[in-house]
Amino acid sequence: MQTEATECGLVSVCMVASFHGLDIDIRKLRNKFPVSLKGATLSHLVKMADRIIARVFL
């Protein structure tokens with residue numbers, strides 16, 4: 001569950017992962033990929049997704 005307005009990017013990554021059959025916990029993402037008070041950039045979200053994919057499939 002999104003607790004901060006700046007977490008919308010993290011939640012989006014979770015939703016996309018879930019759509020593709022991956023169960024990603026938002027709490028784990030918060031700890032592993034902290035976002036600034038300005039939120040996450042698209043570049044940050046892409047890097048986050050790349051790391052999740054690498055961990056699951058490699």
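Keep in mind the model is a prediction, meaning the values are calculated, not measured.

(A) The arrangement of the nonpolar core in detail. Formed by L10, V11, V13, C14, A17, L22, I26, L29, F33, L45, M48 and I52, the largest nonpolar core amounts to 12 residues. Elements with a minimum of two residues in this core: α1 (8–19), α2 (26–32) and α3 (42–57). When residues of this core are assigned to their parent elements, the largest contribution, 5 residues, is made by α1.

(B) Main features of the packing of aromatic side chains. A full pass over the atoms with the stated rule returns 0 aromatic pairs. One cation-aromatic arrangement involves K32 over F33; the distance from NZ or CZ to the ring centre is 6.0 Å.

(C) Focus on the environment of I24. Of note, I24 is situated in the loop between α1 and α2. Placed 10 residues apart in sequence, I24 and C14 show a C-alpha to C-alpha distance of 5.7 Å. Dropping the residues within four chain positions of it, I24 is found in contact with C14, A17, L29 and I52.

Conventions adopted
The numbering scheme is per chain: residues are counted from 1 as the chain's sequence reads. Confidence filtering applies because this is a predicted model: local features only for residues at pLDDT of at least 70, side-chain atom pairs given and counted only at 80 or more, and all residues used for totals across whole chains, interfaces and linings. Heavy atoms throughout the structure, all of them, feed into the side-chain values; hydrogens and water do not. Side-chain atoms within 4.5 Å are what join buried Ala, Val, Leu, Ile, Met, Phe, Trp, Tyr and Cys residues into a set we call a nonpolar core. Each residue gets one of three labels from its accessible area relative to the maximum for its type: buried under 20%, exposed over 50%, partly exposed in between, using a 1.4 Å probe on protein chains only. Only DSSP runs of H or I with at least four residues qualify as helices, and only runs of E with at least two residues qualify as strands; both kinds are numbered from the N terminus onward. Only centres within 6.5 Å qualify two rings of Phe, Tyr or Trp (six-membered ring in Trp) as a pair; their planes then separate them into stacked at under 30 degrees, edge-to-face at over 60, and tilted for everything else. Note on geometry: a ring has a charge over it if NZ (lysine) or CZ (arginine) is within 6 Å of the ring centre and within 35 degrees of the ring normal. Only heavy atoms matter for contacts: two residues are in contact if any of them lie within 4.5 Å across the pair.

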